[in-house]
Amino acid sequence: YRCWDLWSGLAQVADLPGDVLEVGVWRGGTGVLLAERSRQLCLDATVLLADTFEGVVGAGELDPWYEGGEHSDTSVEVVQSLLARFPGVRTELAVGRFPDETGTGLAERSLRMVHVDVDVYESALSTLKWVWPRLGVGGLVVFDDYGSYECEGIATLGSQLMAAAGTVLRGVTNLNGHLTLVKIADQPLPHL
C-alpha cells in the first residue's frame, strides 16, 4: 500500500515542474519505483536518491528505538544494481548525510514530490526545512513510518505539522503509515 501511495501520488503532481527526491533510500526499492513511474509518465524530472548508506543518522531523545546505524545493510552498489534493471530511468545518487553534506549540490533544484524515509525526528525535520522552499505549490512531501510503532519521532513531527496546518500546508494521513503534506501556498514553513 505504501508503494501504491507513492506511485499514485507522483501522477497527482505530474503537471508540476521539478524533480523528485527520496531521502532514505536503503536498498533502492521505492526510489526505483518512483523513477520508473516518472519514466512512464514522461516527466521531465530526475529522481534524486539521497542516503548515507551507513544507516540511520540523527537519532535523538524523540527516537527511543534508534541509536544510529540501523538499516546499514545496503550499499551504493546494491542500489545501482537495482537501477540497472530499469533502463531509461533518470536518477542521481547523492551519497552522504542529507542535507548537511549533499544538499549544497542539489540546492538549485526545484521539487514536485519528496519521499522522506529517515525514521527519526531530527533527520526528517532538517530534510523538510531544506525541501520546503524548493517545493512547488501543490507539491507533496510523503513521510514514511508515520504510523510505525518504532518511529515515535516521525509521529511527533507529524503531529506538530498537522497542528501547524492552515494556510501553508495540509496534511493527509492514512492507515498505511504515510503522512502526506500538500504545499498549498508559497510561504515559509510554519515554525515548529
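All values derive from a computational prediction rather than experimental measurement.

Q: Help me get a handle on the packing of aromatic side chains, residues and values and all.
A: On inspection of all chains with the given rule, the structure shows two aromatic pairs. Arranged with centres 5.3 Å apart and planes meeting at 55°, the rings of Trp 65 and Tyr 149 form a pair that is tilted. Taken together, the residues span a long stretch of sequence, with Trp 65 in the loop between β2 (47-51) and α3 (76-83) and Tyr 149 in the loop between β5 (135-143) and α6 (152-164) at a distance of 84 residues. According to the relative accessible area criterion, Trp 65 is partly exposed, its value standing at 42%. The class for Tyr 149 is exposed, based on a relative accessible area of 61%. Ring centres of Phe 98 and Trp 130 lie 4.9 Å apart, and the angle between their planes is 75°; this geometry places the pair in the edge-to-face category. Of this pair, Phe 98 sits in the loop between β3 (91-95) and α4 (103-106) while Trp 130 sits in helix α5 (residues 121-131), and the two are 32 residues apart along the sequence.

Q: Residues and numbers for the sheet that holds strand β6 (residues 169-173), please.
A: Reading across from one edge, β3-β2-β1-β4-β5-β7-β6 is the order of the seven strands in this open sheet, with mixed pairing throughout. Edge positions in the sheet fall to β3 and β6, since each has one partner strand and no second. Strand after strand, the sheet turns through a mean of 15° between neighbouring axes, direction not considered. Alignment of strand β1 (residues 19-23) against β2, held across four bridges, turns out to be parallel. The residue bridging Leu 21 from the neighbouring strand is Leu 48, located in β2.

Q: Which residues make up the pairing of β5, and what values do they have?
A: For a regular strand, the rule is simple: side chains alternate between the two faces of the sheet. In the sheet, strand β4 (residues 111-116) pairs with β5 via five bridges, with the strands oriented parallel. Within β5, the residue paired with Val 114 across the bridge is Val 141. Since β4 and β5 lie parallel, the crossover through α5 that links them has a hand, and here it is right-handed. Relative to strand β7 (residues 179-183), β5 is paired through four bridges, and the arrangement is antiparallel. Within β7, the residue paired with Val 142 across the bridge is Thr 180.

Q: Can you lay out the layout of surface pockets for me, pointing to particular residues and giving the numbers?
A: In this structure, the largest pocket occupies an estimated 430 Å³ of space. Counted by class, the lining of the largest pocket contains eight nonpolar, ten polar and seven charged residues.

How each quantity is defined
By convention here, each chain's residues receive numbers from 1 onward along its written sequence. Where local features are concerned, this predicted model is filtered to residues with pLDDT of at least 70; where side-chain atom pairs are given and counted, the filter is 80 or more; whole-chain, interface and lining totals use all residues. Calculation of side-chain values draws on the structure's entire complement of heavy atoms; hydrogens and water are dropped beforehand. What counts as a ring pair is set by centres within 6.5 Å for rings of Phe, Tyr and Trp (its six-membered ring), and what kind of pair is set by the plane angle: stacked under 30 degrees, edge-to-face over 60, tilted for all other angles. For the purposes of this entry, the term helix denotes a DSSP run of H or I that reaches at least four residues, the term strand denotes a run of E that reaches at least two, and both are numbered from the N terminus. Relative accessibility decides the category of a residue: with a 1.4 Å probe and only protein chains considered, values under 20% of the type maximum give buried, values over 50% give exposed, and everything between is partly exposed. At least two DSSP bridges between two strands are needed for those strands to be called paired. Inter-axis angles, ranging from 0 to 180 degrees, are taken between N-to-C directions of lines fitted to C-alpha atoms, where helices are fitted over the stretch in contact. For crossovers, right-handed means that the path from the first strand over the helix to the second runs clockwise, given strands pointing away from the viewer. Definitions used throughout: a 1 Å grid over protein atoms alone; a cavity as a set of points that fits a 1.4 Å probe which cannot get out; a pocket as an open set with protein on both sides within 12 Å along at least five of seven lines; a lining residue as one with an atom within 4 Å of a point. Grid points are joined across faces, edges and corners, and a volume is the space filled by probe spheres set on the points. Put simply, Ala, Val, Leu, Ile, Met, Phe, Trp, Tyr, Cys and Pro go in the nonpolar bin, Asp, Glu, Lys and Arg in the charged bin, and everything else, Gly too, in the polar bin.

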